[in-house]
Amino acid sequence: MHYPVVIHKDKESDFGVIVPDLAGCFSAGDTYEEALTNAVEAIECHLEGLLRDNQTIPVAKEIDNYIHKREYAGGIWALVEINISQLSGKAKRINITLPERLLRLIDLHAKNLAHKNRSAFIADATLAYMSQDNYQHNTRER
């Protein structure tokens, strides 16, 4: 999943990074590159905390959702890639049955659009689905 981040630099400060999709998640660095590297680490740490607390992982939104907000004015936008499937603990092999056509579509999408393998794509898609408001609302009612 690619999370948008906004980077600000004041004259007398480091490069500060805010992750709008993850309330309270921020980072900094002496250089732009270091700020992005530290942002990945901060996001992974934040997401691991959510998983440890059995909370759902927020789906990353498009930069367009934030770019016109006043609190991010003057910032430089970037996307950082986070492999959420690696945060969920040790991988475990499972055996599932899917219709052949669906499996072909998954493989096509995973390879050509998401640039992932089948397992990573299915894991990310599942986490994204479970992060949706409708899913969260339905599971709270049970």
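What you see as residue numbers is a count from 1 along each chain, following the sequence as written. Whole-chain, interface and lining totals are the exception, using all residues; otherwise, since this is a predicted model, local features are given only for residues with pLDDT of at least 70 and side-chain atom pairs are given and counted only at 80 or more. Just so you know, side-chain values use all the structure's heavy atoms and leave hydrogens and water out.

When you look at the overall build of the protein chain in this model, what are you seeing that I'm missing?
What counts as a helix is a DSSP run of H or I of at least four residues, what counts as a strand is a run of E of at least two, and both are numbered from the N terminus. Within the protein chain, the secondary structure is distributed over 4 helices and 4 strands. Ordered by position from N to C terminus, the α and β elements of the protein chain give β-β-β-α-β-α-α-α. Two residues form a contact once any of their heavy atoms are found within 4.5 Å. Considering only residue pairs separated by 6 or more positions, the protein chain has 53% of its internal contacts joining residues 24 or more positions apart. For the protein chain, the accessible surface area stands at approximately 10,200 Å², while carbon and sulfur atoms represent 51% of it. Accessible areas in this description were obtained via Shrake-Rupley with a 1.4 Å probe; residue shielding takes into account the shown protein chains only.

I'm lost on the packing of aromatic side chains in this one. Help?
Each aromatic ring pair is characterised by the separation of its centres together with the angle its planes make. Aromatic contacts are taken between Phe, Tyr and Trp rings whose centres are within 6.5 Å, Trp giving its six-membered ring; a plane angle under 30 degrees counts as stacked, one over 60 as edge-to-face, and the others as tilted. Applying the stated criterion across every chain, the model contains 4 aromatic pairs. Arranged with centres 6.0 Å apart and planes meeting at 90 degrees, the rings of Y66 and Y72 form a pair that is edge-to-face. Each residue gets one of three labels from its accessible area relative to the maximum for its type: buried under 20%, exposed over 50%, partly exposed in between, using a 1.4 Å probe on protein chains only. In this structure Y66 comes out as buried when scored by relative accessible area, which is 7%. Classification of Y72 as buried rests on a relative accessible area of 11%.

What exactly am I supposed to notice about the nonpolar core here?
One broad trend across soluble globular proteins is that nonpolar side chains are buried collectively. To form a nonpolar core, buried Ala, Val, Leu, Ile, Met, Phe, Trp, Tyr and Cys residues must be joined to one another through side-chain atoms within 4.5 Å. Core analysis: the largest hydrophobic core is formed by 24 residues, its most contacted members being Y3, V5, I43, L47 and I84. Among the elements of the structure, β1 (2-9), β2 (15-18), α1 (32-52) and β4 (76-81) are those that each provide at least two residues to this core. Discounting chain neighbours no more than four positions away, the residues touching V5 are V17, I18, V19, P20, L36, I43, I76, W77, A78 and V80. Formed by 5 residues, the second largest nonpolar core is a distinct cluster that contains V6, I63, Y66 and W77.

How should the pattern of salt bridges be read in this particular structure?
Oppositely charged side chains can pair when the atoms bearing their charge come close. In what follows, salt bridge is the name for a side-chain nitrogen of Lys or Arg lying within 4 Å of a carboxyl oxygen of Asp or Glu. All told, the structure shown has 2 salt bridges when counted by the stated rule. The partner of E100 in a salt bridge is R104, with the nearest N and O atoms 3.6 Å apart. Taken together, the residues span about one helical turn, with E100 and R104 both in helix α2 (residues 100-113) at a distance of 4 residues. As far as burial versus exposure is concerned, E100 and R104 are alike and both exposed. The salt bridge involving R118 is made with D107; its shortest N-O contact spans 2.6 Å. Of this pair, R118 sits in helix α3 (residues 118-131) while D107 sits in helix α2, placing them 11 residues apart in sequence. By relative accessible area, R118 is classed as partly exposed at 38%.

Would you mind showing me how to read the environment of A42 here?
With respect to the secondary-structure elements, A42 resides in helix α1. Taking the C-alpha atoms as reference points, A42 and A28, separated by 14 residues in sequence, lie 9.5 Å from one another. With near-sequence residues (within four places) excluded, A42 lies in contact with C25, F26 and S27.

Sorry, what's going on with unusual backbone geometry here?
Most of the time, phi is negative for any residue but glycine, and the peptide bond is trans. Phi is positive for N54, close to 55 degrees, though the residue is something other than glycine. Along the chain, the position of N54 falls in the loop between α1 and β4.

Explanation requested: a nonpolar patch on the surface in the structure shown.
Residues form patches when they are more than 30% accessible in relative terms and have no salt bridge. Like charges link within 9 Å. Nonpolar side chains (Val, Leu, Ile, Met, Phe, Trp, Tyr) link within 5 Å. A surface patch of nonpolar side chains, about 530 Å² in accessible area, is lined by I94, I96, L98, L102, L105 and L108. Along the chain, L98 turns up in the loop between β4 and α2.

What's the story with the pairing of strand β3 (residues 26-29) in this structure? I'm lost.
Sheet faces and side chains relate simply in a regular strand, where the side chains alternate between the two faces. Side-chain alternation along β3 places S27 and G29 on a buried face and F26 and A28 on a face that remains uncovered. Pairing between strands is defined by DSSP: at least two bridges between the two strands are required. Sheet topology note: the β2/β3 ladder contains 4 bridges and is antiparallel. Paired with G16 across the strands is A28, a residue of β3.

Spatial relationships are all this shows, so hold off on functional conclusions.
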